[in-house]
Amino acid sequence: MISFETKIRVEYHHTDQMGVVHHSNYVKFFEVARTEWLRQAGLTYAEMERRGVMMPIVDVQIKYRQPAYYDELIKVKAIVEEMPMARMTFKYEIRGEDDRDIATGLTTLGFIDKTTRRPHRAPAWLLEVVEREFNRE
């Protein structure tokens, strides 16, 4: 299992009139954790796209438990439990400053060729990065 945690300060534009994070922003928080995990592993989405691979989200699941609020520093953990094949699944946990359980979620991303937009398996160079991260844990 791979896990990576990042912190995000809830900004005003993330919230509704009540100062509560709008539900649509949780998917963005998931993306921050996912992309920062890749970055610390030595790979960026920009580099993946330069290599001809794109990773569109094909499924999103979110369970909202408690609200997050304006100016709160939340912790977003991204978890990978298995090696990718044609898809890569990330689980997420979002916790508040007081460690309360705010939300959990899951995203499944596919791999497509940047030029043809056709699906394909995870490239070998990405599998090497993921395997190295699994061995680090």
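Parameters at a glance
- Residues numbered from 1 in each chain as written.
- Predicted model: local features only at pLDDT ≥ 70, side-chain atom pairs only at ≥ 80, totals over all residues.
- Heavy atoms only, no water.
- Helix = DSSP H or I, 4+ residues; strand = E, 2+ residues; numbered from the N terminus.
- Rg over C-alpha atoms; globule rule 2.2 N^0.38 Å.
- Buried < 20%, exposed > 50% of the residue type's maximum accessible area, 1.4 Å probe, protein only.
- Contact = heavy atoms within 4.5 Å.
- Areas by Shrake-Rupley, 256 points an atom, 1.4 Å probe, with all protein chains shown as cover.
- Axes fitted to C-alpha atoms, helices over the stretch in contact; angles between N-to-C directions.
- Parallel < 35°, antiparallel > 145°, perpendicular 65-115°, else oblique.
- Nonpolar A, V, L, I, M, F, W, Y, C, P; charged D, E, K, R; others polar.
- Pairing = 2+ DSSP bridges.
- Polar contact = N/O pair within 3.5 Å; in protein donor to acceptor, adjacent residues only side chain to side chain.
- Core = buried A, V, L, I, M, F, W, Y, C linked by side-chain atoms within 4.5 Å.
- Phe/Tyr/Trp six-rings, centres within 6.5 Å; stacked < 30°, edge-to-face > 60°.
- Lys NZ or Arg CZ within 6 Å of the ring centre and 35° of its normal.

K.L.:
Which residues make up the overall build of the protein chain, and what are the values?
P.N.:
Scanning the protein chain from N- to C-terminus turns up 3 helices and 7 strands. Relative to its length of 137 residues, the protein chain is compact, with a C-alpha radius of gyration of 16 Å against a globular reference of 14 Å. Taken along its principal axes, the extent of the C-alpha atoms in the protein chain is 45 × 35 × 20 Å. Within the protein chain, the fraction of its 137 residues that count as buried is 42%. Taking the intrachain contacts of the protein chain between residues at least 6 apart in sequence as the baseline, contacts between residues at least 24 apart amount to 69%. Counting every atom, the protein chain has about 7,900 Å² of accessible surface; 48% of that belongs to carbon and sulfur.

K.L.:
Quick one: what's the story with the packing of helix α1 (residues 25-40) against helix α3 (residues 124-136), residue by residue and with numbers?
P.N.:
In the contact formed by α1 and α3, the axes pass within 11 Å of each other and the chain directions differ by 90 degrees. Taken together, the axes of α1 and α3 lie roughly perpendicular to each other. Between α1 and α3, the residues in contact are Trp37, Leu38 and Gln40 and Leu126, Val130, Glu133 and Arg136, respectively. Of the residues contributing to the contact of α1 with α3, the split by class is 4 nonpolar, 1 polar and 2 charged.

K.L.:
Summarise the pairing of strand β5 (residues 87-95); cite the residues concerned and give the values.
P.N.:
Only one face of β5 is buried, namely the one carrying Met88, Phe90, Tyr92 and Ile94, since none of Arg87, Thr89, Lys91, Glu93 and Arg95 on the opposite face is buried. Inspection of the sheet shows strand β4 (residues 73-80) paired to β5 by 5 bridges, in the antiparallel sense. Paired with lysine 75 across the strands is arginine 95, a residue of β5. Pairing of β5 with strand β6 (residues 101-110), which is carried by 9 bridges, proceeds in the antiparallel orientation. The residue bridging arginine 87 from the neighbouring strand is glycine 110, located in β6. Between β5 and β6, which pair antiparallel and follow one another directly, the connecting turn spans 5 residues, one of which, aspartate 99, has a positive phi of 70 degrees.

K.L.:
Which residues make up the side chain of glutamate 133, and what values go with them?
P.N.:
Summarising the element assignment, glutamate 133 is placed in helix α3. Polar contacts involving the side chain of glutamate 133 include one to the side chain of arginine 136, which spans 2.7 Å. Contact partners of glutamate 133, with chain neighbours within four places excluded, come to Ile2, Trp37, Gln40 and Ala41.

K.L.:
Can you tell me about the nonpolar core, naming the residues and giving the values?
P.N.:
The biggest cluster of nonpolar side chains holds 35 residues, and the ones touching the most others in it are Ile74 and Ile94. Elements with a minimum of two residues in this core: β1 (2-9), α1, α2 (45-50), β4, β5, β6 and α3. Looking at this core element by element, the count peaks at 6 residues for α1. Filtering out sequence-adjacent residues up to four positions away, isoleucine 74 remains in contact with Thr6, Lys7, Ile8, Val10, Phe29, Ala68, Ile94, Arg95 and Ile102.

K.L.:
Describe the packing of aromatic side chains, with residues and values.
P.N.:
All told, the structure shown has 6 aromatic pairs when counted by the stated rule. Taking 5.2 Å as the distance between ring centres and 70 degrees as the angle between the ring planes, the aromatic pair formed by tyrosine 26 and tyrosine 64 counts as edge-to-face. Of this pair, tyrosine 26 sits in helix α1 while tyrosine 64 is found in strand β3 (residues 57-64), placing the two residues 38 residues apart along the sequence. The exposure class assigned to tyrosine 26 is buried, which follows from its relative accessible area of 2%. Among the residues examined, tyrosine 64 registers a relative accessible area of 40% and is labelled partly exposed. Among the aromatic residues, those joined into a ring-pair cluster are Phe30, Trp37, Phe90 and Tyr92. Across from the ring centre of phenylalanine 90, 5.9 Å away, lies the NZ or CZ of arginine 34, which sits over that ring.

Purely spatial values, then, with no claim about function.
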